[in-house]
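Inside the fold
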Amino acid sequence: MVNALPIIQLVLSVLLIGLILLQRPVTDSGALSGGESSSSHVKRGLEKTIYQLTILVSLGYIAASLAVLLF
């Protein structure tokens, strides 16, 4: 199990990078131009699923990192 932890951590890190790159960037051009900013964006469908998977994988990565430190 101890030997598998770094491999699990590596797989989770690659998966986390991929999920972050799949997310749509939030651009708020109103702050730069001085106009009204429209920051009320609601995640729906696939965007929401990718967002939730990113959170889940990041928590798994944190748990794997702590496990590597403890063992």
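A brief structural summary. Keep in mind that this is a model prediction, so the values were computed, not measured. (Residues numbered from 1 in each chain as written. Predicted model: local features only at pLDDT ≥ 70, side-chain atom pairs only at ≥ 80, totals over all residues. Heavy atoms only, no water.)

Looking now at the overall build of the protein chain. From N to C terminus, the protein chain includes three helices and zero strands. When its helices and strands are written in sequence order, the protein chain yields α-α-α. Counting over 71 residues, the protein chain shows a buried share of 18%. Across the protein chain, the fraction of contacts at a sequence separation of at least 24, relative to all contacts at a separation of at least 6, is 77%. Of the roughly 5,800 Å² that the protein chain leaves accessible, carbon and sulfur atoms contribute 68%. (Helix = DSSP H or I, 4+ residues; strand = E, 2+ residues; numbered from the N terminus. Buried < 20%, exposed > 50% of the residue type's maximum accessible area, 1.4 Å probe, protein only. Contact = heavy atoms within 4.5 Å. Areas by Shrake-Rupley, 256 points an atom, 1.4 Å probe, with all protein chains shown as cover.)

Glancing now at the packing of helix α1 (residues 5-22) against helix α3 (residues 46-70). Direction vectors running N to C along α1 and α3 enclose 155°, while the axes themselves pass 9 Å from each other. It follows that α1 is roughly antiparallel to α3 by the angle criterion. Note on packing geometry: the crossing formed by α1 with α3 is left-handed. Here α1 contributes L5, P6, Q9, L12, S13, L15, L16, L19, I20 and L22 to the contact with α3, which in turn contributes I50, L53, T54, V57, S58, G60, Y61, A64, S65, A67 and V68. (Axes fitted to C-alpha atoms, helices over the stretch in contact; angles between N-to-C directions. Parallel < 35°, antiparallel > 145°, perpendicular 65-115°, else oblique. Left-handed = near helix turned anticlockwise from the far one by under 90°.)

Moving on to the packing of aromatic side chains. Summed over all chains, the structure comprises zero aromatic pairs. K43 extends its terminal NZ or CZ atom over the ring of Y51, reaching a point 4.7 Å from the ring centre. (Phe/Tyr/Trp six-rings, centres within 6.5 Å; stacked < 30°, edge-to-face > 60°. Lys NZ or Arg CZ within 6 Å of the ring centre and 35° of its normal.)

With that out of the way, let us pick up a nonpolar patch on the surface. A cluster of nonpolar side chains, V2, Y51, I55, L59, I62, L66, L69, L70 and F71, forms an exposed patch at the surface whose accessible area comes to about 1,000 Å². With respect to the helices and strands, the residue Y51 is situated in helix α3. A relative accessible area of 38% places Y51 in the partly exposed class. (Patch = residues over 30% accessible without salt bridge, like charges linked within 9 Å, V, L, I, M, F, W, Y side chains within 5 Å. Salt bridge = Lys/Arg side-chain N within 4 Å of Asp/Glu carboxyl O.)

Attention now goes to the nonpolar core. Membership of the largest hydrophobic core is limited to six residues, which are L12, L16, L19, I50, V57 and A64. Those elements that provide at least two residues to this core are α1 and α3. Residue contacts for I50: discarding those within four places in its chain leaves L19, L22 and Q23. (Core = buried A, V, L, I, M, F, W, Y, C linked by side-chain atoms within 4.5 Å.)

Purely geometric stuff here, so don't read any function into it on its own.
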